[in-house]
Amino acid sequence: MKLPRPLDELRIVHYPDPVLRKKCKPVESFDNQLAALARRMEVLMREAGGLGLAAPQVGVPIRMFICNPTREEDAGVVWVNPVLSDLEGAIEAYEGCLSIPEVSVPKRRAVHAVIDGFDLTGKPMRAQGDELIVRIWQHEMDHVNGVLVIDHMSAAAELANRRIIRQLEADYAAARRRRKAPSKR
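Worth saying up front: this structure is predicted, and the values here are computed from it rather than measured.

Novice: Would you take a moment to explain the sheet that holds strand β7 (residues 124-130) for this structure?
Specialist: Whether parallel or antiparallel, the strands of a sheet pair through hydrogen bonds between backbone atoms. Strand order across the open sheet formed by 5 strands is β1-β2-β3-β6-β7, with antiparallel pairing between neighbours. Sheet topology places β1 (52-54) and β7 at the edges, where each strand pairs with a single neighbour. Here the strands of the sheet are splayed against their neighbours by 35° on average, with no regard to which way each runs. In terms of strand pairing, strand β6 (residues 112-118) meets β7 through 7 bridges, oriented antiparallel. Bridged to Phe-118 within β7 is Pro-124. In the packing of helix α2 (residues 132-144) onto the sheet, contacts are made with β1, β2 (64-67), β3 (77-88), β6 and β7, and the angle to β7 comes to roughly 125°.

Novice: Is there a simple way to think about the nonpolar core in this case?
Specialist: Across soluble globular proteins, nonpolar side chains have a tendency to be buried as a group. Core analysis: the largest hydrophobic core is formed by 19 residues, its most contacted members being Leu-37, Met-41, Leu-53, Val-58, Val-60, Ile-62 and Met-64. Looking at this core element by element, the count peaks at 6 residues for helix α1 (residues 32-48). Each residue touching Leu-37, except ones within four places of it in the same chain, is listed here: Met-1, Leu-3, Leu-7, Leu-10, Val-58, Val-60, Ile-62 and Met-64. Counting residues in each nonpolar core, the second largest holds 16 residues, with Ile-100, Leu-148, Val-149 and Ile-164 among its members.

Novice: Would you explain the pattern of salt bridges in this entry?
Specialist: When charged atoms on two side chains of opposite charge get close, those side chains can pair. Per the counting criterion, the structure on display carries 6 salt bridges. Across the pair Arg-109 and Glu-95 runs a salt bridge whose closest N-O atoms are separated by 2.8 Å. Separated by 14 residues along the polypeptide, Arg-109 in strand β5 (residues 105-109) and Glu-95 in strand β4 (residues 91-95) bring together distant segments of the chain. Residue Arg-109 shares its accessibility class with Glu-95, and that shared class is buried.

Novice: Can you walk me through the side chain of Arg-109 in this structure?
Specialist: In this structure Arg-109 comes out as buried when scored by relative accessible area, which is 6%. Of note is the side chain of Arg-109, whose polar atom sits 2.8 Å from the side chain of Glu-95. Those residues within four positions of Arg-109 in sequence are excluded, and the remaining contacts are Gly-89, Ala-90, Ile-91, Glu-95, Arg-135, Gln-138, His-139 and Asp-142.

Novice: What exactly am I supposed to notice about the state of the cysteines here?
Specialist: What the rule picks out here adds up to 0 disulfides. You can see Cys-67 has no disulfide; the closest cysteine sulfur is in Cys-97, sitting 15 Å from it. Under the relative-accessibility criterion, Cys-67 is labelled buried at 2%. By relative accessible area, Cys-97 is classed as buried at 10%.

Novice: Looking at this structure, I do not really get the side chain of Ser-99. What am I missing?
Specialist: Structurally, Ser-99 is set in the loop between β4 and β5. In this structure the side chain of Ser-99 is engaged in a polar contact, spanning 3.1 Å, whose partner is the side chain of Gln-57. If we skip the residues at most four places from it in the chain, Ser-99 touches Ile-12, Val-13, His-14, Tyr-15, Leu-20 and Gln-57.

Novice: What's the story with a positive patch on the surface in this structure? I'm lost.
Specialist: Judged by side-chain charge, Arg-5, Arg-176, Arg-177, Arg-178, Arg-179 and Lys-180 come together as a positively charged surface patch. Residue position: Lys-180 is located in helix α3 (residues 155-180).

Novice: Would you take a moment to explain α2 for this structure?
Specialist: Every α-helical turn comprises 3.6 residues, leaving residues that sit three or four positions apart pointing alike. In this model α2 runs 19 Å from its N-terminal to its C-terminal C-alpha over 13 residues, within 8% of the 18 Å that 1.5 Å per residue would give. Most of α2 is tucked away, with 11 of its 13 residues classed as buried. Val-134, Arg-135, Ile-136, Trp-137, Gln-138, His-139, Glu-140, Met-141, Asp-142, His-143 and Val-144 are the residues of α2 that are buried. Where α2 terminates, the next one or two residues include Gly-146, which has phi positive at roughly 75°.

Novice: I keep staring at unusual backbone geometry and nothing clicks. Help me out?
Specialist: Negative phi characterises most residues that are not glycine, and trans characterises most peptide bonds. A cis geometry characterises the amide bond from Tyr-15 onward to Pro-16, with omega recorded as 10°. In this structure, Pro-16 sits in the segment before α1. One non-glycine residue with positive phi stands out, namely Asn-81, at about 50°. Looking at the secondary structure, you find Asn-81 in strand β3. Even without being glycine, Glu-131 reaches a positive phi, approximately 55°.

Calculation criteria
Residues numbered from 1 in each chain as written. Predicted model: local features only at pLDDT ≥ 70, side-chain atom pairs only at ≥ 80, totals over all residues. Heavy atoms only, no water. Pairing = 2+ DSSP bridges. Helix = DSSP H or I, 4+ residues; strand = E, 2+ residues; numbered from the N terminus. Axes fitted to C-alpha atoms, helices over the stretch in contact; angles between N-to-C directions. Contact = heavy atoms within 4.5 Å. Core = buried A, V, L, I, M, F, W, Y, C linked by side-chain atoms within 4.5 Å. Buried < 20%, exposed > 50% of the residue type's maximum accessible area, 1.4 Å probe, protein only. Salt bridge = Lys/Arg side-chain N within 4 Å of Asp/Glu carboxyl O. Polar contact = N/O pair within 3.5 Å; in protein donor to acceptor, adjacent residues only side chain to side chain. Disulfide = S-S within 2.5 Å. Patch = residues over 30% accessible without salt bridge, like charges linked within 9 Å, V, L, I, M, F, W, Y side chains within 5 Å. Areas by Shrake-Rupley, 256 points an atom, 1.4 Å probe, with all protein chains shown as cover. Lys, Arg positive; Asp, Glu negative; His and termini not counted. Charge placed at Lys NZ, Arg CZ, Asp CG, Glu CD. Expected span 1.5 Å × (residues − 1).

In structure tokens:
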């Protein structure tokens, strides 16, 4: 795994950064660098007040996410190469995203699911959950598959969030132009 920048420089990337649209690659190496990335993600998630954070949200297109529905210290669980199954029921609720700040979208999600994956040492893990934790798993799984919460918005949600989304797009374009501009010395 090659990081796009040093760990301490990783930040939550915002829409429309292309890394958010990548279908992420499976993790093959369970090493110290993977564990350090998970620790950095937990810090960023906590600072942003989030319940979950996927690796592509910090610019690293691998199949890994962390979730912490209680926001309690050291209660985060890291899932590597996760797979969801046995999705049951459905409920609609508003959902936000750390990579699309200030946007809230009604999203229909399963109420119950089973998740299989690996911990940071490569040991298999399995859990089943209901309601909030299952919503977080589904949201983060969308991220590792290059899907964003805004992808299937209703017309009303699109209209309600249009200004914020356009501003994020403009901010991203301006930042790219600044990075590409030759420096004047």
